[in-house]
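# Per-entry structural report
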Protein chains: 2
Amino acid sequence: MRFTLKQLSYFVAAGEANSITLASERVHISQPSISSAISQLEAEFGVQLFFRHHAQGLSLTPAGQRFLIAARELLQQAGALNDLADEITTTIAGPLRIGAFRTFAPLLLPELCVDFAEAHPKVSLEMFEDDEAELVAKIRKAELDIALTYEQDGVDLHFEQLALLPTYVLLPAGHGLAKSGSLSLKDLASQPFVLLDLPVSREYFASLFEKAGVPLNIVARSHQPETVRSYVASGLGFSLLTARPKNLTALNGRPLAYLYLDDDFPPMKLGMITARTIRKTRAVAAFEEHCRKSISTRSIPGMMNW
Amino acid sequence: MRFTLKQLSYFVAAGEANSITLASERVHISQPSISSAISQLEAEFGVQLFFRHHAQGLSLTPAGQRFLIAARELLQQAGALNDLADEITTTIAGPLRIGAFRTFAPLLLPELCVDFAEAHPKVSLEMFEDDEAELVAKIRKAELDIALTYEQDGVDLHFEQLALLPTYVLLPAGHGLAKSGSLSLKDLASQPFVLLDLPVSREYFASLFEKAGVPLNIVARSHQPETVRSYVASGLGFSLLTARPKNLTALNGRPLAYLYLDDDFPPMKLGMITARTIRKTRAVAAFEEHCRKSISTRSIPGMMNW
DNA sequence: CTTGCTTACGTCCCGCGTAATGATA
DNA sequence: TATCATTACGCGGGACGTAAGCAAG
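Residues numbered from 1 in each chain as written. Chains lettered and ligands numbered in written order. Predicted model: local features only at pLDDT ≥ 70, side-chain atom pairs only at ≥ 80, totals over all residues. Heavy atoms only, no water.

Right, let's get into the overall build of chain A. Scanning chain A for helices and strands turns up 9 helices and 13 strands. On C-alpha atoms alone, chain A measures out to a radius of gyration of 33 Å, which is more than a quarter above the 19 Å that the 2.2 N^0.38 rule sets for 306 residues. Considered along the principal axes of its C-alpha atoms, chain A spans approximately 105 × 35 × 25 Å. Counting only residues that meet the buried cut, chain A has 49% of its 306 residues in that class. Carbon and sulfur atoms make up 51% of the accessible area of chain A, which amounts to about 14,400 Å² in all. In chain A, 29 positive and 33 negative side-chain charges are present, and the distance between their average locations comes to 1 Å. (Helix = DSSP H or I, 4+ residues; strand = E, 2+ residues; numbered from the N terminus. Rg over C-alpha atoms; globule rule 2.2 N^0.38 Å. Buried < 20%, exposed > 50% of the residue type's maximum accessible area, 1.4 Å probe, protein only. Areas by Shrake-Rupley, 256 points an atom, 1.4 Å probe, with all protein chains shown as cover. Lys, Arg positive; Asp, Glu negative; His and termini not counted. Charge placed at Lys NZ, Arg CZ, Asp CG, Glu CD.)

As structure tokens, this is what we get:
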């Protein structure tokens with residue numbers, strides 16, 4: 001393959017014009033350049049492409065005519081590569097791999113994805129639920145395009161905050177404190193605590209007790225939020241959580257209550273992370289925009305509004 | 001179209017290897033060159049083709065995968081151009097335009113072409129009969145691939161001699177001299193002459209009389225050899241000719257006789273001419289070879305052997 | 001003498017390889 | 001530290017244009 005697309009295009013121009021001079025005007029390239037390109041093609045293929053009629057242009061040999069149509073096809077297909085590029089960059093389509101943090105994935109993902117899939121039917125969605133470390137690793141390995149999770153830092157990561165998720169108090173609906181407008185951690189000092197036992201949340205909730213100067217009295221723990229809710233609904237104790245399922249009934253059928261926590265704790269930040277090193281697909285950009293529109297501190301799909 | 005086939009082939013190699021290093025070994029090109037080619041393609045198309053995994057190679061993006069198959073197709077089609085070239089240069093096929101000088105075309109062409117067409121059925125023959133000037137002009141204009149004619153010179157022409165055609169004496173079969181083994185022009189000095197009146201032959205035959213010191217006494221002339229033969233057969237006079245039809249009966253039904261001319265005249269040279277500037281097709285080469293085998297001074301298709 | 005392809009030649013860009021740098025596991 | 005990709009950089013070939021050459025009508 002010692003020839004170039006450029007040579008072929010010059011050849012085609014000359015073949016269509018039956019003249020190097022005319023072709024040179026059309027292609028805006030000098031006569032000698034076109035002449036040389038043709039000579040090189042002839043040498044490369046060992047085939048005479050043109051008859052030269054000295055003072056009156058040239059004409060294709062039979063072999064040249066066959067080459068002309070083949071070359072035209074090739075150039076057309078080469079042009080199709082540009083079309084493909086346009087399609088990829090302008091069309092919102094293709095695969096889109098979304099990750100979400102385990103605890104709010106069941107609330108957020110279905111709502112978010114149904115709407116997005118409706119708006120962009122040519123995008124094929126894949127959803128993953130994982131803990132934060134896994135999400136970050138997969139983003140870095142480009143196994144995920146985007147992930148919804150709590151704030152992450154890292155030079156190669158881009159985090160865009162979407163909403164604040166203040167910690168709230170979870171109580172059984174019939175609890176004596178459940179009717180209070182809001183509570184501070186001190187008000188709950190005597191109550192046993194049910195811990196959501198996940199890598200990040202574990203340390204986070206413990207730090208709140210420390211800040212408030214309240215002893216941590218863990219009566220049960222689980223890495224599943226739904227188990228925590230059921231424990232609490234059963235009257236085992238209270239819990240602190242950030243994600244707020246709309247459903248106020250635990251999986252065991254018992255009712256729950258959410259209460260403001262009016263201590264001055266920094267709220268968790270919900271947002272999306274992408275890899276800085278990777279050029280955004282249109283689909284990714286569209287999904288980002290979709291999230292910006294759908295998710296705010298006031299309103300998060302699948303979550304109870306404050 | 002600001003990309004090259006070379007860039008694409010590097011990209012394909014890298015895409016198949018999922019590694020620039022491995023690709024560089026396969027293609028025998030340095031790592032940086034391949035890296036650069038890929039970067040240029042990405043810039044050209046505005047599409048990210050690979051995810052870079054720093055110490056462990058790279059992997060195609062979804063867009064990259066689509067580009068990979070498109071690029072492979074394009075390269076394959078480009079390779080097909082080489083196949084086309086091979087086919088054209090190796091196959092004996094395609095059009096072949098043969099010219100022959102008027103006077104011996106009716107003798108030579110049919111015999112020659114029937115045999116050749118049988119041997120090379122994929123060659124489509126076109127035959128032309130013309131006088132020498134026209135043949136040469138058409139060879140130069142590439143309207144003919146090859147012509148059978150008398151010796152021609154010209155820097156841009158190639159003449160290959162095939163046979164000598166000594167001038168012979170044409171007499172009515174019943175003529176008093178017709179039984180002689182051979183004759184010289186002097187023996188015929190008293191006889192009237194019938195001239196084949198064609199551009200070259202005209203001067204040639206006249207020159208023979210001059211050389212022999214015999215006066216030229218033209219009783220009839222025609223530009224058609226068949227008319228000359230009928231004149232002679234009718235007893236109008238004798239003629240000198242070079243082409244020797246196998247048929248010893250003139251078109252008017254009267255018998256003819258051929259006799260050696262034993263003067264020391266330079267014989268006409270029958271051969272084939274081609275244009276020096278034009279690369280020979282395989283079909284042309286095959287036809288040349290066919291002529292070499294079929295035509296010699298001893299034996300010329302369609303002509304009386306001496 | 002005009003037309004049109006080719007050759008000659010000088011310039012500049014670009015593809016190439018070597019070597020150094022960066023980044024990750 | 002080993003492995004890959006990327007950047008830096010100098011070299012050489014090739015694509016380009018200008019100008020001259022050349023053949024044909």
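More follows now that the structure is in view.
Before going further, it helps to examine the relation of the copies chain A and chain B. Between the two copies, chain A and chain B, the superposition gives an RMSD of 0.7 Å; the rotation angle is 179 degrees and the shift along the axis is 0.2 Å. Look at the turn and shift together and you get a two-fold axis relating the two. Mapped onto chain B, 97% of the interface residues of chain A again fall at the interface, so both copies present the same surface. (Least-squares fit on C-alpha atoms with pLDDT ≥ 70 in both. Contact = heavy atoms within 4.5 Å.)

Attention shifts here to the packing of helix α2 (residues 20–27) of chain B against helix α3 (residues 31–45) of chain B. Residues and elements named next belong to chain B. Across the interface, α2 lies against α3 with an axial gap of 8 Å and an inter-helix angle of 110 degrees. In this view, α2 runs roughly perpendicular relative to α3, as classed from their interaxial angle. Between α2 and α3 lies a crossing whose hand is right-handed. Of α3, the residues touching α2 (which contributes I20, T21, A23 and S24) are Q31, I34, S35 and I38. (Axes fitted to C-alpha atoms, helices over the stretch in contact; angles between N-to-C directions. Parallel < 35°, antiparallel > 145°, perpendicular 65-115°, else oblique. Left-handed = near helix turned anticlockwise from the far one by under 90°.)

It is worth spelling out helix α9 (residues 282–294) of chain A at this point. All names here are of chain A. Taking 1.5 Å of rise per residue, 13 residues should cover 18 Å, and α9 covers 18 Å from first to last C-alpha, within 8% of that figure. Taken together, the buried positions of α9 are A283, V284, A286, F287, E288, H290 and C291. Buried residues along α9 sit in contact with β3 (94–101), α5 (105–119), β4 (123–130), β5 (146–150), β6 (157–165) and β13 (268–275). (Expected span 1.5 Å × (residues − 1).)

Attention now moves to the protein's contact with DNA strand C. Near DNA strand C lie 22 residues; those nearest to it are T21, S35 and R52 of chain A together with Y10 and S30 of chain B. The contact atoms of DNA strand C, taken as those within 4 Å of the protein, divide so that sugar and phosphate hold 71%. Take S35 of chain A: an N or O atom from its side chain is 2.5 Å from a phosphate oxygen of DNA strand C. For DNA strand C, a phosphate oxygen lies 2.7 Å from a polar atom in the side chain of Y10 of chain B. Going through the elements one at a time, α2 (20–27) and α3 (31–45) of chain A together with α1 (5–17) and α3 of chain B are the ones with two or more residues in the surface near DNA strand C. Looking at side-chain class alone, the surface near DNA strand C contains 7 nonpolar, 13 polar and 2 charged residues. (Near = heavy atom within 4 Å. Polar contact = N/O pair within 3.5 Å; in protein donor to acceptor, adjacent residues only side chain to side chain. Nonpolar A, V, L, I, M, F, W, Y, C, P; charged D, E, K, R; others polar.)

All right, on to the domain arrangement of chain A then. Each assigned domain of chain A is listed with its residue range as follows: domain 1 (5–82), domain 2 (91–164 + 268–294) and domain 3 (167–261). One C-alpha centre belongs to domain 1 of chain A, the other to domain 2 of chain A; they are set 50 Å apart. (Domains from an automatic or database assignment.)

This brings us to the sheet that holds strand β5 (residues 146–150) of chain B. Residues and elements named next belong to chain B. Taken together, 5 strands build an open sheet; the order of strands is β4-β3-β5-β13-β6 and the sheet is mixed. Every interior strand has two partners, whereas the edge strands, β4 (123–130) and β6 (157–165), have only one. Geometrically, the sheet is characterised by an average inter-axis angle of 20 degrees between neighbouring strands, direction not taken into account. As defined by bridge partners, β5 adjoins strand β13 (residues 268–275) across 4 bridges and the pair is classed as antiparallel. From the neighbouring strand, T149 faces β13, where its bridge partner is G271. Sheet strands touched by helix α5 (residues 105–119): β3 (94–101), β4, β5 and β13. Its angle to β4, the strand with the most contacts, is close to 175 degrees. With respect to the sheet, helix α9 (residues 282–294) is in contact with β3, β4, β5, β6 and β13, its orientation differing from that of β13 by roughly 170 degrees. (Pairing = 2+ DSSP bridges.)

Okay, the packing of aromatic side chains next. Summed over all chains, the structure comprises 24 aromatic pairs over all chains. Between the aromatic rings of Y168 of chain A and Y258 of chain A, the centroid separation amounts to 4.7 Å while the plane-to-plane angle is 55 degrees, which identifies the pairing as tilted. Within this pair, whereas Y168 of chain A is found in strand β7 (residues 168–172), its partner Y258 of chain A is found in strand β12 (residues 256–261), the two being separated by 90 residues in sequence. For the pair Y168 of chain A and Y258 of chain A, a shared accessibility class is recorded, and that class is buried. Consider the rings of F3 of chain B and F45 of chain B, whose centres lie 5.2 Å apart with planes at 50 degrees: the pair is tilted. Here the residue F3 of chain B occupies a position in the segment before α1, and F45 of chain B occupies one in helix α3, the gap between them amounting to 42 residues. Clustering of aromatic rings is evident, with ring pairs tying together F3, F45 and F67 of chain A. (Phe/Tyr/Trp six-rings, centres within 6.5 Å; stacked < 30°, edge-to-face > 60°.)

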